[in-house]
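Chains, contacts and geometry: an overview
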Amino acid sequence: MLTADPLASPVFDAHTHLDAMAHRAGVPADDAYVAEQMREARAAGVVAAITVGDTVAASRWCVAAAGGHPDVYAAVAVHPTEVDGLTDDDYAELAALAGDPRCVAVGETGLDYYWDRTAPAAQQEHFRRHIALAKSVGKPLMIHDREAHVDVLRILREEGAPEQVVFHAFSGDAAMARECVAAGYLLSFPGVITFKNAPALRDAAAVVPLEHLLVETDAPFLTPHPHRGRPNAPRLLPLTVRALAAAAGHDPEVLCAAVRANGTRVFGLPEMGD
Ligand SMILES: [Zn+2]
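One structure accompanies this document, and this report is about it. (Residues numbered from 1 in each chain as written. Predicted model: local features only at pLDDT ≥ 70, side-chain atom pairs only at ≥ 80, totals over all residues. Heavy atoms only, no water.)

**Brief notes about helix H7 (residues 174-182)**
If you check which residues of H7 are buried, you get Ala174, Met176, Ala177, Cys180 and Val181. Across the axial projection of H7, the buried residues extend over an arc of 160 degrees, all falling on one side. In H7, the exposed residues that point more than 90 degrees away from the buried face are Arg178 and Ala182. Close packing links the buried residues of H7 with strand E5 (141-146), helix H6 (149-159), strand E6 (165-168), strand E7 (186-189) and helix H8 (199-205). Taking the backbone nitrogen of Ala175 as reference, a side-chain oxygen 3.2 Å away marks Asp173 as the first, capping residue of H7. (Buried < 20%, exposed > 50% of the residue type's maximum accessible area, 1.4 Å probe, protein only. Helix = DSSP H or I, 4+ residues; strand = E, 2+ residues; numbered from the N terminus. Arc of directions from axis to C-beta. Contact = heavy atoms within 4.5 Å. Polar contact = N/O pair within 3.5 Å; in protein donor to acceptor, adjacent residues only side chain to side chain.)

Below you can see the structure in the form of structure tokens.
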């Protein structure tokens, strides 16, 4: 099993996909699997995780998982590359899931111009509907932005952003990071920040104040160095925490304390102690 040295100060994983991890491992995405993953995470200092939906069915799974595990929280949405064919009934179910007390965000939603799969116009229309949903339930918007920085920021401006906005797997440069901070958004950094070929992402992290920082795995994807290419898991988050702390110029303990405080302020997570 891949591992990372445990953190001295606890932190939470702001964006993961526990169901997709199980699917990738070829095992059932059941309560035993979730409990095992969270037990391993906790041993590494990762005391909670937000598991994120990318379809209606996955969102349903996330809320159920969060309901059964006190250290798991849900985010619900349909990923921009999965929006074709979404119906009003689907949105009604998403709204009900988003209103669940264990759901702490609407996401991941946004724009993805990397995969040439879903027309940008359709993605944009559904992104707007997700923004409206986040506002209607009063929960943070968790954004997926892949090669679509300009349009994501424009649509947020046009619609009026929800009170809390989190860029999951932030992939912009320092200029975009400054723009996001100025708008009050939070930036969640993934394992990419450990990659040798990601100096621009480390430069971006360096301009983000602690109150705007989050850290995530996006497991089973974006596995940090030196495990790149293998399946990611919340227990590997310490590798990303240390790289982000170094890039942002903080001790890891200081970063972890800030991330915990941000999780409580933005997502309403209970205080995670030290
Ligand atoms: Zn994701």
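**Some words on the coordination of the zinc ion**
Looking at the zinc ion, the protein donor atoms are His15 (NE2), His17 (NE2), Glu108 (OE) and Asp218 (OD), and they sit 2.1 to 2.3 Å from it. Classification of the site at the zinc ion as irregular follows from its four donor atoms and the range of 86 to 173 degrees in their angles at the metal. Here the donor residues of the zinc ion share one chain and are spaced in sequence as H-x1-H-x90-E-x109-D. With Glu108 in strand E4 (residues 103-112) and Asp218 in the loop between strand E8 (213-215) and helix H9 (237-248), this residue pair connects regions lying 110 residues apart in the sequence. (Donors = N, O, S within 2.8 Å, 3.2 Å for Na, K, Ca; no water. Tetrahedral: all angles 85-135°; square planar, octahedral: opposite > 155°, others 65-115°.)

**Some remarks on the nonpolar core**
Among the nonpolar cores identified, the biggest contains 93 residues, and Phe12, Leu156, Phe167, Phe170, Phe189 and Phe267 are the most heavily contacted of them. When residues of this core are assigned to their parent elements, the largest contribution, seven residues, is made by H9. Discounting residues that sit within four places of it in the chain, Phe189 has contacts with Phe170, Leu201, Ala204, Ala205, Val208, Leu213, Leu214, Val215, Glu216, Thr240 and Leu244. (Core = buried A, V, L, I, M, F, W, Y, C linked by side-chain atoms within 4.5 Å.)

**Some words on the pattern of salt bridges**
Scanning all chains against the criterion turns up ten salt bridges. Glu159 is the salt-bridge partner of Arg128, the closest N and O atoms lying 2.6 Å from each other. Here the residue Arg128 occupies a position in helix H5 (residues 120-137), and Glu159 occupies one in helix H6, the gap between them amounting to 31 residues. Given a relative accessible area of 25%, Arg128 falls into the partly exposed group. The salt bridge partner of Asp151 is Arg154, with a shortest N-O separation of 3.3 Å. Within this pair, Asp151 and its partner Arg154 are both found in helix H6, separated by three residues, close to a single helical turn. (Salt bridge = Lys/Arg side-chain N within 4 Å of Asp/Glu carboxyl O.)

On their own, these measurements won't tell you what the molecule is for.
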